[in-house]
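# Descriptive analysis of the structure
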Amino acid sequence: MLEIIRNSKRIVQVFLLLITIPFAVWGLESYFRGGGSEDLAQIGKTRIGMNVFREALRSEQDRLRRENPNANPADFDSEAMREMVLDSLINRYLLLLEAQKRGLNVRLAVQQMIAQAPDFQEDGVFSQERYEAAMAARRRSLLEFESELQENLLRQVLISAVFDASFTPQTVTERIIALQTETRDVQENLITWSSLANRIEVAEEEVKQFYESNHALFTHPEQIQVEYVVLTQNMLGSKAKISEADLHAWYENHKERFAKKQEERRLSHILLITGEDADKEKIRAESLQLLAEVKKEPGRFAELARTHSEDPGSASQGGDLGFMARQMLVKPFADAAFTLQKGEISDLVESEFGLHIIRVEDIRPGEYFPFAEARSQVEEAMREENVAGRFAEAAENFANLIYEESDSLKPAAGAYGLSIQKSGWLNRESRGQEPIFNPKLIRAMFSDEVLKNGRNTEVVEVQPGVLAAARLLEYQPAFLLPIDEAQEAITSRLREDKAQALAVAEGEAMLAEAREKDERGDWGKSQTVSRLDPGALYPEALEAILKVETDNLPAYAGVTLPGRGYALYRITRADAPTVEPELEKLLTEQVERFTAQNEVAAYLAALRQRYKVKINDGMIREKEQ
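What you see is a predicted model; the values in this text were computed from it and never measured.

Bringing the sheet that holds strand 12 (residues 354–364) into the picture now. Spatially, 10-9-12-11 is the arrangement adopted by the four strands of the open sheet, whose pairing is antiparallel. The two strands at the open ends of the sheet, each matched to only one other strand, are strand 10 (320–325) and strand 11 (349–351). This sheet shows a mean twist of 45° between the axes of neighbouring strands, independent of strand direction. Helix-sheet contacts for helix 12 (residues 280–296) involve strand 9 (264–273), strand 11 and strand 12, and the interaxial angle to strand 9 is about 135°.

A few words on the packing of aromatic side chains. Applying the stated criterion across every chain, the model contains seven aromatic pairs. Here the aromatic cluster, defined as three or more aromatic residues joined through ring pairs, consists of Trp 250, Tyr 251, Phe 258 and Phe 371. In this structure, Arg 364 packs its charged tip against the face of Phe 323, placed 3.6 Å from the ring centre.

In spatial order, the strands read 14-7-16-15; together these four strands make up an open sheet with antiparallel pairing. The two strands at the open ends of the sheet, each matched to only one other strand, are strand 14 (421–422) and strand 15 (460–463). Across 10 bridges, the pairing between strand 7 (residues 223–232) and strand 16 (residues 466–476) is antiparallel. Directly across from Val 230, in strand 16, lies its bridge partner Ala 468.

Quick look at the packing of helix 4 (residues 50–67) against helix 5 (residues 79–101) now. At a minimum axis distance of 10 Å, the contact between helix 4 and helix 5 shows a crossing angle of 120°. On the basis of the axis angle, helix 4 is oblique to helix 5. When you trace helix 4 past helix 5, the crossing you get is right-handed. Taking contact as the criterion, the partners of Val 52, Phe 53, Ala 56, Leu 57, Glu 60 and Leu 64 in helix 4 are, on helix 5, Met 81, Arg 82, Met 84, Val 85, Leu 86, Leu 89 and Tyr 93. For the contact of helix 4 with helix 5, a count of residues per class yields 11 nonpolar, no polar and two charged.

With that settled, consider the pairing of strand 20 (residues 565–575). Alignment of strand 5 (residues 183–192) against strand 20, held across 10 bridges, turns out to be antiparallel. Across the sheet, residue Thr 183 finds its bridge partner in strand 20, namely Asp 575. Of the pairings in the sheet, the one linking strand 19 (residues 555–561) to strand 20 comprises seven bridges and is antiparallel in character. Its bridge partner being in strand 20, Val 559 is matched across the sheet by Ala 567. Between strand 19 and strand 20, which pair antiparallel in sequence order, lie three residues; one of them, Gly 563, sits at a positive phi of approximately 80°.

Here we take up a nonpolar patch on the surface. A grouping of Leu 532, Leu 583 and Leu 586 is seen on the molecular surface, where their side chains present a nonpolar patch of about 230 Å² in accessible area. Counting through the fold element by element, Leu 583 comes out in helix 21 (residues 581–610). When its relative accessible area of 32% is taken as the criterion, Leu 583 is described as partly exposed.

Listed as buried for helix 6 (residues 107–116) are Arg 107, Ala 109, Val 110, Met 113 and Ile 114. Buried residues of helix 6, seen end-on, are gathered within an arc of 160° and therefore sit on one face of the element.

On to helix 13 (residues 301–308). Three or more residues of helix 13 are buried, namely Phe 301, Leu 304 and Ala 305. When helix 13 is viewed along its axis, its buried side chains cluster within an angular range of 105° and face the same direction. Projecting away from the buried face of helix 13 at angles above 90 degrees are the exposed residues Arg 306 and Thr 307.

This paragraph deals with the pattern of salt bridges. Considering all chains together, one arrives at 27 salt bridges under this definition. For the salt bridge of Arg 493 with Asp 497, the shortest nitrogen-to-oxygen distance reads 3.9 Å. Of the two residues, Arg 493 and Asp 497 both sit in helix 19 (residues 483–517), four residues apart, roughly one turn of that helix. Residue Asp 497 is classed as partly exposed on the basis of its relative accessible area of 40%. For the salt bridge of Asp 575 with Arg 573, the shortest nitrogen-to-oxygen distance reads 3.4 Å. Judged by relative accessible area, Asp 575 falls into the partly exposed class, the value being 28%.

What follows covers the nonpolar core. Ile 43, Ile 48, Phe 53, Phe 120, Leu 267 and Phe 333 are the most contacted members of the largest nonpolar core, which totals 59 residues. Looking at which element gives the most residues to this core, the answer is helix 5, with 11 residues.

Looking now at the pairing of strand 10. With respect to burial, strand 10 is a largely interior element, five of its six residues being buried. Note that strand 9 and strand 10 share five bridges and pair antiparallel. Residue Arg 265 lies in a different strand from strand 10, and its bridge partner there is Met 324.

Thresholds, definitions, all that
Residues numbered from 1 in each chain as written. Predicted model: local features only at pLDDT ≥ 70, side-chain atom pairs only at ≥ 80, totals over all residues. Heavy atoms only, no water. Pairing = 2+ DSSP bridges. Helix = DSSP H or I, 4+ residues; strand = E, 2+ residues; numbered from the N terminus. Axes fitted to C-alpha atoms, helices over the stretch in contact; angles between N-to-C directions. Contact = heavy atoms within 4.5 Å. Phe/Tyr/Trp six-rings, centres within 6.5 Å; stacked < 30°, edge-to-face > 60°. Lys NZ or Arg CZ within 6 Å of the ring centre and 35° of its normal. Parallel < 35°, antiparallel > 145°, perpendicular 65-115°, else oblique. Left-handed = near helix turned anticlockwise from the far one by under 90°. Nonpolar A, V, L, I, M, F, W, Y, C, P; charged D, E, K, R; others polar. Patch = residues over 30% accessible without salt bridge, like charges linked within 9 Å, V, L, I, M, F, W, Y side chains within 5 Å. Areas by Shrake-Rupley, 256 points an atom, 1.4 Å probe, with all protein chains shown as cover. Salt bridge = Lys/Arg side-chain N within 4 Å of Asp/Glu carboxyl O. Buried < 20%, exposed > 50% of the residue type's maximum accessible area, 1.4 Å probe, protein only. Arc of directions from axis to C-beta. Core = buried A, V, L, I, M, F, W, Y, C linked by side-chain atoms within 4.5 Å.

Here you go:
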């Protein structure tokens, strides 16, 4: 465990940046609570609800929008994006479940990492004040930060173990390096379709036939112009007056947010695992018998834990889990452990890991920032809640006005002082950054309710905290371009297709003749290429060249280059150069990393089998309506 700390000295500094990015991590407890009445995926007994998935998807979409402001918004709501986010969520769940099942305890490692982080040191010594100030600046409690750091370290422990165990035989590494560094001297003869285009005739009948067979290519899509209104949460502001009494009450009800140090309990437990194939009635009977023994002779708790507990991480320690905060535990375990007094033993507690008998060994009370120090944060949080609450009410009223006054946007616009904006011409595939280009809103604008019935669209949340609705101003139906307007484009395309086919035919004939006689071909200047340095070659050309056997030289290769023509290559030399030590080291590391990544992928696949991951494919493909 400590080796990970030594090899990751900057993990805390990196994590200090990561925690400002949504979707980096969630609290441990939120993983196991899942959430939402609709289950998108199930991992053993643990469920991923649609609300958790939507939050993750939205956070990732927001991050990508910030990093790629000019990207196509539709790419952020594609099926591939949704699958990627769900896969990431599932992998996080799997790793945390496996860490809990193995009884991994990284609390000491987390404490040492924090103590060694330069950001929290003063004159070379850990400073609690600097640590607390850094968290306060990020509006994070110490518990939140430590829990998130613990989650990341638990995942890193498991992944690092797989990485460290991966192995690539030396012969395999040597062969891969040889393939990567092998060089070949080649000459090129490129036959471009454009050089043959003047030999191509396109008949009028061919143009007509292509036009009749491909009407979709020459159909101008239907278009609309709309007017629309946008309501944002930021427009509402926060005008509510908040009394000191309200501030104090909110502080007391949310005191955990302002913890310098949460209450911690040193816990011991005895765990009997109840897997899906286990005889659960037999295990429960054994657990009840153990419980009776423990309650009769509490002094034997550690002895019975060593003998009977199936938690590999704590059994050898007499069931000792060390000091734990509530949020570091799964909910059933935490609810039981934090209602007991020091020295008390629980009844049987069932979690997704099995049946527990818990004893509280010691209690460390929590410490909190006083109200006076937290006041500004309390007021800000209350105002944010107030704005969110007002926006929720406004959103409902806004939606009602749009629906009830379905023949005009003016009532809704007037109620909230919004300007009615006008779009340019839009089609079903229009994309852009403005709210009007939201794919869901565009689908609504092209619905029958709007196009045929002349009603407003539904209200669409185009971004978090941003609502929009629209109505039709003008409609232009799809129409087929006349053949005389399409003739030039069709002729050009047919000429290119024919010239490309001619280039391939002539190139293949030249290749066959060159292989037979080694005479024909207008070969260009020789160049040396390899997988590491392909020069100006197209990828498909390099692949064709490197596939050719070079026992007898010169050798020849040919490849079709779509949209360009056909290329022939004359290979005059093949060499396996001596690899410089630095390059060999770099390539060896890449091979080992690739092997390790494959091992990790296989490990995650095995975890999916072990925990029986089930995914509701219909829900992942279904975009929010």
